[in-house]
Amino acid sequence: MTTPSNENSAPISDLPKDSLTQSQPEPQQGFLERYFKLAAHNTTASTEVIAGITTFMTMVYIVFVNPQILSAAGMDPSGVFVVTCMISAIGCIAMGLIANLPIALAPAMGLNAFFAFSVVVGMGISWQVGMGTIFWGAVCFTLMSALGIRSWILSNIPTCLRIGIPSGIGLLIALVGLSNAGIVVASPATMITVGDLSSMQCVLGALGFFIIVILSSRNIHAAVLISIVVVTSIAALMGDVEYTGIISMPPSIESTFGQLDLAGSFDIALAGVIFSFALVSLFDSSGTMIGVTEKCGITDERGRFPRMKQALMTDSITSVTGAYLGTSTVTAYIESSAGVAVGGRTGLTAIVAGLLFIVVIFFSPLAAMVPGYAVAGALIYVGILMSSGLAKVNWTDMTEAAPAFITTVMMPFSFSITEGIATGFITYCVMKAGTNRWREIHPGVAIVALLFIIKFVFVDGH
């Protein structure tokens with residue numbers, strides 16, 4: 001029996017060696033390749049590990065900052081430290097396994113300050129009740145994600161408000177940082193004034209800030225962590241910090257685990273707070289995910305990205321879990337873009353970051369040594385990052401500029417994220433209606449503004 005010939009065929013011995021190589025069966029793929037599809041994402045396991053370490057180094061500051069902030073609400077800082085590490089690890093690993101995206105999760109900067117200073121201290125309620133409002137806000141956040149309301153709201157909220165909300169939170173965080181450093185202090189005459197700029201607290205706080213902004217401008221990803229280490233070390237040398245060790249078994253989380261007051265927080269008087277937690281989480285986390293995936297090059301023109309539903313549900317459920325453990329709302333971290341910048345493209349990046357958060361749990365003595373002014377620079381720096389979006393506001397259109405401005409300034413001036421969001425939505429509707437531009441007011445925006453007006457009149461007024 002002969003094989004039919006073809007004029008274009010050639011003897012095997014005459015074929016190029018590459019052709020022989022391509023004709024061989026591919027070797028069996030490893031687990032990481034099969035699960036994360038590394039080759040399809042144009043990455044390797046080693047690249048993903050390096051990206052995960054990079055992401056971790058840029059955001060590990062949260063394990064030192066979060067206990068400092070939540071302790072102002074009366075929470076046990078050692079317990080909060082462990083919970084911060086735990087929920088960050090859970091969120092990162094879950095995001096990697098479920099959504100296969102290089103997005104890291106951790107307790108949100110801004111919402112932790114809102115919880116501690118505006119809700120607990122400002123409203124005079126217990127942290128257990130305050131943590132309950134976070135829980136209910138996270139439940140609402142989860143329901144909005146599951147029902148598709150989250151994406152609907154995102155696509156219809158005016159740009160000026162989407163910019164104003166994170167910008168206002170940034171200014172509020174910066175104000176807390178300036179206060180922690182003693183750079184600004186309360187004044188009965190002028191409400192706020194400059195503190196003692198020659199004090200060690202102020203000098204070291206300012207030093208920490210300048211270390212961060214200089215190193216970050218030189219693209220050093222661990223700028224915040226380096227700043228905290230340097231300032232804490234100087235404080236220890238000057239006798240302001242007592243050395244308590246480096247490694248130990250993790251402290252107990254009994255003081256925070258399951259301590260939230262769900263019944264006490266399910267109160268109409270706290271409805272605005274619950275709504276604020278849900279709304280801010282929606283903007284913060286969703287916007288960050290879009291930003292990181294855009295850097296990966298996997299988003300479309302409408303900001304959608306692969307496995308978006310899985311990612312949205314993961315951060316929503318993680319927030320519910322975090323509230324029960326005893327920490328503020330969990331969100332996606334923009335620092336994830338640092339890992340993406342060095343080649344991270346899959347969930348393996350997030351998992352590596354999550355595993356490193358587990359390791360940090362055993363370094364609780366270091367966290368206990370960090371003074372408040374050592375994290376002040378980080379808070380001011382975060383304020384800069386969050387308020388940078390103001391450059392995108394159309395300042396020539398007063399119906400856009402006024403709502404963005406009011407939303408932004410009302411948060412630090414009233415020391416409340418809720419009031420900033422409320423006055424921003426109301427201002428937007430008033431400005432559009434007053435200039436006969438009714439059609440630009442989306443029904444969802446009008447409903448939110450009306451709900452806040454009802455809150456001001458019938459809840460806050462009584």
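Higher on the page you've got the structure.
Cut-offs used in this document
- Numbers given to residues run from 1 along each chain, matching the order in which its sequence is written.
- Local features in a predicted model are, by the rule used here, given only for residues with pLDDT of at least 70; side-chain atom pairs are given and counted only at 80 or more, and totals for whole chains, interfaces and linings are based on all residues.
- Calculation of side-chain values draws on the structure's entire complement of heavy atoms; hydrogens and water are dropped beforehand.
- Secondary structure elements are defined from DSSP: runs of H or I of at least 4 residues count as helices, runs of E of at least 2 residues count as strands, and each element is numbered from the N terminus.
- The globule rule used for comparison is 2.2 Å times the number of residues to the exponent 0.38, while the radius of gyration itself is calculated over C-alpha atoms.
- The contact criterion used is simple: two residues touch if any of their non-hydrogen atoms lie within 4.5 Å.
- Each accessible area is a Shrake-Rupley result for a 1.4 Å probe, and residues are judged covered by the shown protein chains and nothing else.
- His is not counted here, nor are the chain ends, while Lys and Arg score as positive and Asp and Glu score as negative.
- Just so you know, the charge point we use is NZ for Lys, CZ for Arg, CG for Asp and CD for Glu.
- Only buried Ala, Val, Leu, Ile, Met, Phe, Trp, Tyr and Cys residues count toward a nonpolar core, and they belong to the same one when joined by side-chain atoms within 4.5 Å.
- Only protein chains enter the accessibility calculation, which uses a 1.4 Å probe; a residue whose area is less than 20% of its type maximum is buried, one above 50% is exposed, and one in between is partly exposed.
- Take the residue count of a helix, subtract one, and multiply by 1.5 Å to get its expected span.
- Only residues whose relative accessible area exceeds 30% and that take part in no salt bridge are eligible for patches, with like-charged residues grouped when within 9 Å of each other and nonpolar side chains (Val, Leu, Ile, Met, Phe, Trp, Tyr) grouped when within 5 Å.
- Definition used for salt bridges: Asp or Glu carboxyl oxygen within 4 Å of a side-chain nitrogen of Lys or Arg.
- By the criterion applied in these results, polar contacts are pairs of N or O atoms within 3.5 Å in which, for protein atoms, one can donate a hydrogen and the other can accept it, and in which residues neighboring in sequence qualify only through two side-chain atoms.

We now examine the overall build of the chain. When you go through the chain residue by residue, the secondary structure sums to 21 helices and 4 strands. The C-alpha radius of gyration of the chain comes to 25 Å, within 12% of the 23 Å expected for a compact globule of 462 residues. Projecting the C-alpha coordinates of the chain onto the three principal axes gives extents of approximately 105 × 65 × 45 Å. Partitioning the intrachain contacts of the chain with sequence separation of at least 6 by distance along the chain shows that 80% fall at a separation of at least 24. Counting every atom, the chain has about 20,800 Å² of accessible surface; 66% of that belongs to carbon and sulfur. Taking the average place of the 17 positive charges on the side chains of the chain and the average place of its 24 negative ones, the gap between the two points comes to 9 Å.

As a further point, take the nonpolar core. Judged by nonpolar contacts, the single largest core of 114 residues is most densely connected at Met109, Phe115 and Phe425. No other element matches the 10 residues that helix α5 (residues 77-99) contributes to this core. Residues Phe36, Leu38, Ile351 and Val352 belong to the second largest nonpolar core, which totals 5 residues.

We now examine helix α7 (residues 127-147). With 21 residues, α7 extends 30 Å between its outermost C-alpha atoms, agreeing within 8% with the 30 Å of an ideal straight helix rising 1.5 Å per residue. Following α7 by one or two positions, Gly148 adopts a phi angle in the positive range, close to 85°.

As a further point, take a nonpolar patch on the surface. Residues Ile447, Leu450, Leu451, Ile453, Ile454 and Val457 make up a contiguous nonpolar surface patch of roughly 520 Å² in combined accessible area. Mapped onto the fold, Ile447 is located in helix α21 (residues 443-460).

With that settled, consider the side chain of Thr43. Counting through the fold element by element, Thr43 comes out in the loop between α2 (31-36) and α3 (45-59). The class for Thr43 is buried, based on a relative accessible area of 10%. A distance of 2.8 Å separates the side chain of Thr43 from the side chain of Glu48, its partner in a polar contact. If sequence neighbours within four positions are ignored, Thr43 has contacts with Leu38, Glu48, Gly343, Arg345 and Thr346.

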